[in-house]
Amino acid sequence: SGGPGGVIDVQKVDTLDWLSADSDGDGLADGQDDVDHDGIDNMSEYQSMISSPFKQRKFGPLDACVPTYDNTACLLGSTDLDGDGLSNAVDTDDDGDGIPDVIENQIGTNPLAFDTDGDGVSDGFEYYSALDLNKSNLPYPGKRPYPNPLDKEDGNSDFDGDSMTQLEEYQAWMYESCGGHVHDATYAVCHLIFPLTYSDGNQSSAGLTGDAFRDVDNDGLQNWVEISGPLSGPAWWDSYVKTPFFLTAGQCGSDYVESRYPGPAYLGLDFVDHDTDGDGVADGADDIDHDGYTNLQESSRPSNWCNTYDSMTVMDANGGLHGRSGGDPLARMQPFNPCKPTYSRFCHNPAPMGYYSDHEDWASPYNLTGPN
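Engineer: Give me the overall build of the protein: which residues, what numbers.
Structural biologist: Helices and strands together make up the secondary structure of the protein, namely 7 helices and 2 strands. In the protein, buried positions account for 44% of the 372 residues. Once local pairs closer than 6 in sequence are excluded, the contacts in the protein between residues at least 24 apart make up 51%. For the protein, the exposed surface amounts to about 19000 Å²; the carbon and sulfur share of it is 55%.

Engineer: Could you give me a rundown of the state of the cysteines, with the residues and numbers involved?
Structural biologist: Tallying each qualifying case throughout the model produces 3 disulfides. The residue that forms a disulfide with Cys-252 is Cys-306, at a sulfur-sulfur distance of 1.7 Å. Between Cys-252 and Cys-306 the sulfur-sulfur dihedral comes to about -75 degrees; the bridge is accordingly left-handed. With Cys-252 in the loop between α6 (234–242) and α7 (305–308) and Cys-306 in helix α7, this pair connects stretches of sequence that are 54 residues apart. By relative accessible area, Cys-252 is classed as buried at 11%. Cys-339 shares a disulfide with Cys-347; S-S distance 1.9 Å.

Engineer: Run through the packing of aromatic side chains, naming residues and quoting values.
Structural biologist: Both the distance between ring centres and the angle between the ring planes are used here to describe each pair of aromatic rings. Applying the stated criterion to the full structure yields 12 aromatic pairs. Measuring from centroid to centroid gives 4.8 Å for Trp-236 and Trp-237, while their planes differ by 80 degrees, and the two rings are edge-to-face. A relative accessible area of 2% means that Trp-237 is categorised as buried. With a centroid separation of 6.4 Å and an interplanar angle of 15 degrees, the aromatic rings of Tyr-261 and Tyr-266 are classed as stacked.

Engineer: Break down α6 for me, citing the residues and quoting the values.
Structural biologist: Those residues of α6 not exposed but buried are Trp-237, Tyr-240 and Val-241. Projected onto a plane normal to the axis of α6, the buried residues spread over an arc of 95 degrees and lie on a single side. Those residues of α6 hidden inside the fold are in contact with α7.

Engineer: Before we move on, could you go through unusual backbone geometry and cite the residues and values that matter?
Structural biologist: Following Phe-194, the chain continues to Pro-195 via a peptide bond in cis, the omega torsion being -5 degrees. The backbone of Ser-163 shows a phi angle near 75 degrees, a positive value even though the residue is not glycine. Position of Ser-163 relative to the elements: it lies in the loop between α3 (123–133) and α4 (166–177). Even without being a glycine, His-290 presents a positive backbone phi close to 60 degrees. Take His-290: it is sitting in the loop between α6 and α7.

Engineer: Kindly report on the pattern of salt bridges, identifying the contributing residues and their values.
Structural biologist: All told, the structure shown has 6 salt bridges when counted by the stated rule. Measuring nitrogen to oxygen at the nearest pair gives 4.0 Å for the salt bridge that ties Arg-332 to Glu-258. Of this pair, Arg-332 sits in the segment after β2 (321–322) while Glu-258 sits in the loop between α6 and α7, and the two are 74 residues apart along the sequence. Judged by its relative accessible area of 16%, Glu-258 is buried. Close ionic contact of Glu-258 with Lys-340 constitutes a salt bridge, the shortest N to O distance being 4.0 Å. Of this pair, Glu-258 sits in the loop between α6 and α7 while Lys-340 sits in the segment after β2, and the two are 82 residues apart along the sequence. Connected through salt bridges with shared partners, the residues Glu-258, Arg-301, Arg-332 and Lys-340 form a single ionic network.

Engineer: Can you break down the nonpolar core residue by residue, with the values?
Structural biologist: Ranked by size, the top nonpolar core spans 21 residues in total, and within it Leu-231, Ile-288 and Trp-305 carry the most contacts. Looking at this core, the elements that each hand over two or more residues are α6 and α7. Excluding its chain neighbours within four sequence positions, the residues that come into contact with Trp-305 are Tyr-240, Gln-251, Cys-252, Tyr-256, Glu-258, Ala-331 and Arg-332. Ranked by size, the runner-up nonpolar core spans 18 residues in total, among them Phe-125, Trp-173, Tyr-175 and Cys-190.

Engineer: Quick rundown of the environment of Gly-96? Include the residues and the values.
Structural biologist: Relative to the elements of secondary structure, Gly-96 occurs in the loop between α1 (42–50) and α2 (101–107). The partly exposed category is assigned to Gly-96, whose relative accessible area is 22%. A C-alpha to C-alpha distance of 8.6 Å links Gly-96 and Leu-112, two positions 16 residues apart in sequence.

Engineer: Now, about the side chain of Glu-104: what can you tell me, with residues and values included?
Structural biologist: Locating Glu-104 in the fold gives a position in helix α2. When near neighbours in sequence (up to four residues on either side) are disregarded, Glu-104 contacts Asp-93, Asp-95, Asp-97, Ile-99, Thr-109, Asn-110, Pro-111 and Asp-123.

Engineer: Got a sec to walk through a nonpolar patch on the surface? Specific residues and values, please.
Structural biologist: On the surface, a nonpolar cluster with roughly 270 Å² of combined accessible area is contributed by Met-43, Tyr-46 and Ile-50. Looking at the secondary structure, you find Ile-50 in helix α1.

Scoring rules and cut-offs
Residues numbered from 1 in each chain as written. Predicted model: local features only at pLDDT ≥ 70, side-chain atom pairs only at ≥ 80, totals over all residues. Heavy atoms only, no water. Helix = DSSP H or I, 4+ residues; strand = E, 2+ residues; numbered from the N terminus. Buried < 20%, exposed > 50% of the residue type's maximum accessible area, 1.4 Å probe, protein only. Contact = heavy atoms within 4.5 Å. Areas by Shrake-Rupley, 256 points an atom, 1.4 Å probe, with all protein chains shown as cover. Disulfide = S-S within 2.5 Å. Phe/Tyr/Trp six-rings, centres within 6.5 Å; stacked < 30°, edge-to-face > 60°. Arc of directions from axis to C-beta. Salt bridge = Lys/Arg side-chain N within 4 Å of Asp/Glu carboxyl O. Core = buried A, V, L, I, M, F, W, Y, C linked by side-chain atoms within 4.5 Å. Patch = residues over 30% accessible without salt bridge, like charges linked within 9 Å, V, L, I, M, F, W, Y side chains within 5 Å.

In structure tokens, the structure reads:
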């Protein structure tokens, strides 16, 4: 099949004879020999192949373009490095990264490597992102602070300031280009989309909606919500509660805390996976903590949640029951805690000893003070 380092038809190389220690009779044992003439011995390539995840295994010992591209054997004959149906001899873009070979030679990238600097972002994506950032249509700048296919340290940079890193925008672009198979696709199934539908040089790469506010995997959740927002993980909510609100030391005052759920460590969502947990339900309609409220419902709280939250009636020292007038039991949504906004069948019962502080409203039936 195709892709950078696409597998060569094994009929075109000499396979090995399992009953002969030296199949080609050149005086070298098969393990030390190099059947595909790429400069790496058969045993090293075999061990590298079997240590890879099954879906990523390629016949390295039989493929002159795996693991290296720039060797003589890889460039001979009908080798088709990028699997586009054109042999390297006539292909103007041998590695299929979207940059013609003649331009790669000019800017110093490897025309036989999809990702020259090995930062996980293809040369083409970084090159065209730099052009998008350089809005005056000048030639590709080729230096920092632009996206640079020769800078292996810039994958986590956010050049266009849209709250998505270059690597994340690349993943979104690949998700669209590869038909939603960004994690396991071979490049043969990808039809790279140009101009870029996500670009680290343009906050709104396709239309008026910012890249962070789009929903690349169509799961009902905006990209930023899953990348760095409310559904990125429990740690987001810790920071959210501590964020100052007007003159307070936190959302609800300096003495307010929210304890983490001590049960399973529920994880955040993957913004380039329509169904992160694989249960057949789209992430937005799914329910991470199994409390009966969807992830989308629990992704936000009302602006006045500190003053309206009331999970239950409370008993004073004289046995009287009280409840907040106009309280909202659903005001404290939290997608990673089955005890929020209200008790659910997955909430711990009984609660761990000493887990809740006096400033959390279900800590004590006598706690009638504070913002709970």
